[in-house]
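Report on the structure
Now for the letters of each chain:
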Amino acid sequence: MRLPFIAALLGLVAMPAAAATQCGTERYVFGNHNFPSHEEALAQCQREEAEMTNGETGTYERAGGCHDIGDTGEHEGWMYGRVALDVVARDSGDPYTFEGLWMCKPVAE
């Protein structure tokens, strides 16, 4: 995915993992890309995992489920983080990790 490059363009600053990943309804927009919430990013990852590791049509074997990776960060009041999916190519046995970035306004406590 190209999302880590977008994170670098935004000048995002990583910080220690935060317990709160509860997102409000606001979504961060960068160009024509609307970033998903944490929950939406995990759901998208799970859909992509099911497609990529399908026994008949997928080109990968599952090597781990969708999970958070790295620290949660903050950028001008927006929370962000990454979700990842680890797979192994069926034809070569090479491992791959696909990542996606989520970003949203946290729910006020």
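Residues numbered from 1 in each chain as written. Predicted model: local features only at pLDDT ≥ 70, side-chain atom pairs only at ≥ 80, totals over all residues. Heavy atoms only, no water.

1. A look at helix α2 (residues 38-52)
Going by this rule: A helix here means a DSSP run of H or I that spans at least four residues, while a strand means a run of E at least two residues long, and both kinds are numbered starting from the N terminus. How far a helix is expected to stretch is found by multiplying one less than its residue total by 1.5 Å. Only protein chains enter the calculation, and the probe is 1.4 Å; a residue is then buried if its accessible area is under 20% of its type maximum, exposed if over 50%, and partly exposed in between. Picture the helix axis, draw a direction to every C-beta atom, and the arc is the one those directions span. The criterion used for residue contact is that any of the two residues' heavy atoms lie within 4.5 Å.
Under the 1.5 Å per step criterion, the end-to-end length of α2 is 21 Å for 15 residues, consistent within 8% with the ideal 21 Å. If you check which residues of α2 are buried, you get H38, A41, C45, E49 and M52. Buried residues along α2 cover an arc of 75° about the axis, so they all sit on one side. Opposite the packed face of α2, turned more than 90 degrees from it, sit the exposed residues E39, R47 and E51. Those residues of α2 that are buried are in contact with β2 (23-27), β5 (60-62), β6 (67-75), β7 (78-89) and β8 (95-106).

2. Re the confidence of the model for the protein chain
In low-pLDDT regions, the fine details of the predicted coordinates are not to be read closely. The line we're drawing: Every residue gets a pLDDT, meaning the predictor's confidence in that residue, from 0 to 100.
Averaged over all residues, the pLDDT of the protein chain equals 83, while 81% of them reach at least 70. Per-residue pLDDT, averaged within each element of the protein chain, yields its smallest value for strand β1 (residues 13-14) (40) and its largest for β5 (96).

3. Some points on the nonpolar core
Taken as a class, soluble globular proteins show a tendency for nonpolar side chains to be buried jointly. Rule in force here: For our purposes a nonpolar core is just a set of buried Ala, Val, Leu, Ile, Met, Phe, Trp, Tyr and Cys residues, chained together by side-chain atoms within 4.5 Å.
Residues A41, C45, M52, Y60, C66, M79, V83, L85, V87, A89, W102 and C104 constitute the largest nonpolar core, which totals 12 residues. Of all elements in the fold, only α2, β7 and β8 reach the threshold of two or more residues within this core. Filtering out sequence-adjacent residues up to four positions away, L85 remains in contact with C45, E49, M52, G64, G65, C66, Y96, T97 and F98. Within the second largest apolar cluster, six residues are counted, among which are Y28, F35, W78 and M103.

4. Notes on the pattern of salt bridges
Applicable threshold: Here, a salt bridge means any side-chain nitrogen of Lys or Arg that lies within 4 Å of a carboxyl oxygen of Asp or Glu.
Inspection of every chain in the model, using the stated rule, returns four salt bridges. Among the salt bridges present, the one from R27 reaches E40, with a minimum N-O distance of 3.0 Å. In this pair, R27 sits in strand β2 while E40 sits in helix α2, placing the two residues 13 residues apart along the sequence. For E40, a relative accessible area of 37% translates into the label partly exposed. In this structure, R90 engages E61 in a salt bridge whose closest nitrogen and oxygen atoms are separated by 2.6 Å. Of the two residues, R90 is situated in the loop between β7 and β8 and E61 in strand β5; the sequence distance between them amounts to 29 residues.

5. Quick word on the side chain of H38
Applied cut-off: Pairs of N or O atoms within 3.5 Å make up the polar contacts considered here, provided that, within protein, one atom can donate a hydrogen while the other can accept it, and that residues adjacent in sequence are counted only when both atoms are side-chain atoms.
Inspection of the secondary structure assignment puts H38 in helix α2. Among the polar contacts listed, one links the side chain of H38 to the side chain of D68, at a separation of 2.7 Å.

6. Regarding the packing of aromatic side chains
Basically, it comes down to this: Whether two aromatic rings pair depends on their centres lying within 6.5 Å, for rings of Phe, Tyr and Trp, where Trp uses its six-membered ring; planes under 30 degrees apart make the pair stacked, over 60 edge-to-face, and the rest tilted.
Scanning the model with the defined rule gives five aromatic pairs in all. Measuring from centroid to centroid gives 5.7 Å for Y60 and F98, while their planes differ by 80°, and the two rings are edge-to-face. Taken as a pair, Y60 in strand β5 and F98 in strand β8 lie far apart in primary sequence, 38 residues in all. Taking relative accessible area as the criterion, Y60 reaches 17% and is therefore assigned buried.

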